[in-house]
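Read off the chains here:
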Number of protein chains: 2
Amino acid sequence: MHSPSEENYLKALFALEYDGARPVNTNLLAARLKTKASSVTDMARKLQQKKLVHYRKYRGMRLTAGGRKVALDVLRKHRLWETFLVQKLNYRWDEVHEIAEQLEHVRHKDLIDRLDAFLGFPATDPHGDPIPDRRGVLRMPDSCPITVCRPGDRIRIVGLRDSSDELLRFLDRKTLRIGDTLTIRAIDDYDRSVRLTGEDKDITLSALAAGKILVEKL
Amino acid sequence: MHSPSEENYLKALFALEYDGARPVNTNLLAARLKTKASSVTDMARKLQQKKLVHYRKYRGMRLTAGGRKVALDVLRKHRLWETFLVQKLNYRWDEVHEIAEQLEHVRHKDLIDRLDAFLGFPATDPHGDPIPDRRGVLRMPDSCPITVCRPGDRIRIVGLRDSSDELLRFLDRKTLRIGDTLTIRAIDDYDRSVRLTGEDKDITLSALAAGKILVEKL
DNA sequence: CAAAAATGTTAGGCTTGTCTAAAAAAACAC
DNA sequence: GTGTTTTTTTAGACAAGCCTAACATTTTTG
Ligand SMILES: [Mn+2]
Ligand SMILES: [Mn+2]
Ligand SMILES: [Mn+2]
Ligand SMILES: [Mn+2]
């Protein structure tokens, strides 16, 4: 079907398009995949032949409907395996990405649907990212960064703008987790830093950090 | 470290040595891996360079201590993943081999030890094969084929001579499983076929089938 | 033990995925 | 709009892993 490498390219392509890059530039994809532009060009031609992307020389790539479906299948696998690793094997949320990066390429008829059932059909992965369903439908999160909240708002943390290990460990140090319920106490006029309180916490976040944390208003 | 292909060669080498082939012939390994003799020769040279096998032209291969350890690690992973697939994802025992063939190559510091703990440190896989411990120690099974039993013996099925899908499905049809306790009723003088009874079964096995089933006497 | 058969190795080629360096095209700047 | 800078593609190379066909060695056999 598709090689691990092809799957990685398609998943990266999906992520970049999701973030608004349309079409996706050669160098952008190269940076994301830590590879060289020339390798990306080679893969672009191969994926185009397989009708997984639209590609015109010097004009970048876009996923076709078929390529998008493959990308969503890989994303589903990635996020379900991450959920397994955290919920069942007690990994920390900053340790699972690289393992899932390998597990997402394991291929078998209904392995992933059985894993989904075993995990109780989770809606999101350990980082708060929505898990595509088996048809490839991705729930659009109804959330906003903390930076757009007002003092007095009651909020719940539902996701992150990115899941870099640095951000994840930062949140661990602040004892903030997906699902936490908090109240915005104040936003400082000088540096837009945010003071929040929860159960038994009183936390101050820089505007930089607050901008990475996605919440829903309660 | 080692590529999936190298790991597959080492695991196959271990299995063939375990069955008594020492040294292992090029063609034997080629048949086992469904590849060509010339590919095996190529890999022999590479594994020798990595000091994972001893190899002399025209004389076959033998695992070194290092190669044996790698093979046992892969075997451990294979059997633990098989156990996971059967116990947690409800796969049948004849479906899990090919999936484990992929999962065994996933590499991460203590993934397999965590999986081991999650499964409750199983001693054997779904086919009754012993699971090497983390140091690479493989418990030697104390079992014999049904064919060497005598009428009147009380036995427990503990393993199989091979785990081919055909044998596994044959045993399913006969409602025989690992762990079943049975009594040998008779061995026919004409064709050495065996009649056994258990809980609520009365089964006749050909000598061919009986020779594949490993039991311990109670 | 010499010829024949079986087994194993080498030579050369293919594919996938990667890279560097050179060339081409596009975008930017004045 | 022309020249410069940036981006992208092409050309050519390489490693891994596999293949076929030709050749070499070992084993078997009469
Ligand atoms: Mn991956
Ligand atoms: Mn995630
Ligand atoms: Mn394998
Ligand atoms: Mn097994």
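An account of the accompanying structure is given in this report.

The rules we used
- Residues numbered from 1 in each chain as written.
- Chains lettered and ligands numbered in written order.
- Predicted model: local features only at pLDDT ≥ 70, side-chain atom pairs only at ≥ 80, totals over all residues.
- Heavy atoms only, no water.
- Near = heavy atom within 4 Å.
- Polar contact = N/O pair within 3.5 Å; in protein donor to acceptor, adjacent residues only side chain to side chain.
- Helix = DSSP H or I, 4+ residues; strand = E, 2+ residues; numbered from the N terminus.
- Nonpolar A, V, L, I, M, F, W, Y, C, P; charged D, E, K, R; others polar.
- Donors = N, O, S within 2.8 Å, 3.2 Å for Na, K, Ca; no water.
- Buried < 20%, exposed > 50% of the residue type's maximum accessible area, 1.4 Å probe, protein only.
- Contact = heavy atoms within 4.5 Å.
- Buried area = accessible area lost by both parts, 1.4 Å probe.
- Salt bridge = Lys/Arg side-chain N within 4 Å of Asp/Glu carboxyl O.
- Least-squares fit on C-alpha atoms with pLDDT ≥ 70 in both.
- Core = buried A, V, L, I, M, F, W, Y, C linked by side-chain atoms within 4.5 Å.
- Phe/Tyr/Trp six-rings, centres within 6.5 Å; stacked < 30°, edge-to-face > 60°.
- Lys NZ or Arg CZ within 6 Å of the ring centre and 35° of its normal.

## Here's the deal with the protein's contact with DNA strand C
Not every one of the 21 residues close to DNA strand C is listed here, only the nearest: A:Ser3, A:Thr35, A:Lys46, B:Tyr55 and B:Lys57. Backbone atoms, meaning sugar plus phosphate, form 78% of the atoms of DNA strand C positioned within 4 Å of the protein. B:Asn27 places a side-chain nitrogen or oxygen 3.0 Å from a phosphate oxygen of DNA strand C. Taking B:Thr41, its side chain carries an N or O atom lying 2.7 Å from a phosphate oxygen of DNA strand C. At the level of secondary structure, the elements contributing two or more residues to the surface near DNA strand C comprise helix H1 (4-18) and helix H3 (37-49) of chain A together with helix H2 (26-32) and helix H3 (37-49) of chain B. Partitioning the surface near DNA strand C into residue classes produces five nonpolar, ten polar and six charged.

## So, the coordination of the manganese ion (ligand 1)
All names here are of chain A. Every protein donor of the manganese ion (ligand 1) is accounted for by Asn8 (OD1), Glu101 (O), Glu101 (OE), Glu104 (OE) and His105 (NE2), and the metal-donor separations fall at 2.1 to 2.5 Å. In the primary sequence, the donor residues of the manganese ion (ligand 1) line up as N-x92-E-x2-E-H. With relative accessibility at 11%, the residue His105 sits in the buried group.

## Regarding the interface of chain A and chain B
On the side of chain B, 21 residues touch chain A, which itself brings 21 residues to the contact. In total, chain A and chain B occlude about 1800 Å² of area from one another, counting both sides; carbon and sulfur atoms represent 67% of this. Along the contact surface separating chain A from chain B lie zero salt bridges. Going through the elements one at a time, helix H4 (65-87), helix H5 (97-103) and helix H6 (111-118) of chain A are the ones with two or more residues in the side of chain A that touches chain B. For the side of chain A that touches chain B, a count of residues per class yields eleven nonpolar, four polar and six charged.

## Some remarks on the protein's contact with DNA strand D
Neighbouring residues of DNA strand D: 21 residues in total, closest A:Thr41, A:Tyr55, A:Lys57, B:Ser3 and B:Lys46. For DNA strand D, the backbone makes up 78% of the atoms found within 4 Å of the protein, where backbone means sugar plus phosphate. Between A:Tyr58 and DNA strand D, the recorded distance is 3.0 Å, taken from a backbone N or O atom to a phosphate oxygen. Side-chain polar atom of B:Tyr58 to a sugar or linking oxygen of DNA strand D: 3.4 Å apart, as the coordinates give it. Elements represented by at least two residues in the surface near DNA strand D include exactly helix H2 (26-32) and H3 of chain A together with helix H1 (4-18) and H3 of chain B. Tallied by class, the residues present in the surface near DNA strand D amount to five nonpolar, ten polar and six charged.

## As for the relation of the copies chain A and chain B
With an axial shift of 0.0 Å and an RMSD of 0.1 Å, the rotation relating chain A to chain B amounts to 180°. These values place the two chain copies in the arrangement generated by a two-fold rotation axis. Rotation axis and chain A: the residue whose C-alpha lies nearest the axis is A:Leu103, separated from it by 3.7 Å. Both copies contact each other with a shared surface, as 100% of the interface residues of chain A are interface residues in chain B too.

## Things to note about the nonpolar core
Of all hydrophobic cores here, the largest spans 32 residues; its most connected members are A:Trp81, A:Phe84, B:Trp81 and B:Phe84. Breaking this core down by element, the ones donating at least two residues are H4, H5 and H6 of chain A together with helix H4 (65-87), helix H5 (97-103) and helix H6 (111-118) of chain B. Once you skip the residues sitting within four places of it in the chain, B:Phe84 turns out to touch A:Trp81, A:Phe84, A:Leu115, A:Phe118, B:Leu89, B:Leu115, B:Phe118 and B:Leu119.

## What about the packing of aromatic side chains?
Scanning the entire structure with this criterion turns up nine aromatic pairs over all chains. Measuring from ring centre to ring centre gives 5.6 Å for A:Trp81 and A:Phe84, while their planes differ by 85°; the resulting arrangement is edge-to-face. Linking A:Trp81 with A:Phe84, this pair stays in helix H4, spanning three residues, or about one helical turn. Here A:Phe84 falls in the buried class, since its relative accessible area comes to 0%. Between the aromatic rings of A:Phe118 and B:Phe118, the centroid separation amounts to 6.3 Å while the plane-to-plane angle is 65°, which identifies the pairing as edge-to-face. Residue A:Phe118 is found in helix H6, and its partner B:Phe118 is found in helix H6; the two belong to separate chains. Its relative accessible area of 22% is what places A:Phe118 among the partly exposed residues. One aromatic cluster in this structure is built from A:Trp81, A:Phe84, A:Phe118, B:Trp81, B:Phe84 and B:Phe118. The ring of A:Phe118 has A:Lys88 lying over it, and the distance from NZ or CZ to the ring centre is 4.8 Å.

## Some points on the pattern of salt bridges
Counting across every chain of the model gives 40 salt bridges over all chains. Ionic pairing is found between B:Lys109 and B:Asp110, a salt bridge with its closest N-O pair at 3.4 Å. The salt bridge partner of B:Asp110 is B:Arg114, with a shortest N-O separation of 3.5 Å. It is possible to trace a salt-bridge network through shared partners that takes in A:Arg76, A:Asp113, A:Asp116 and A:Arg134.

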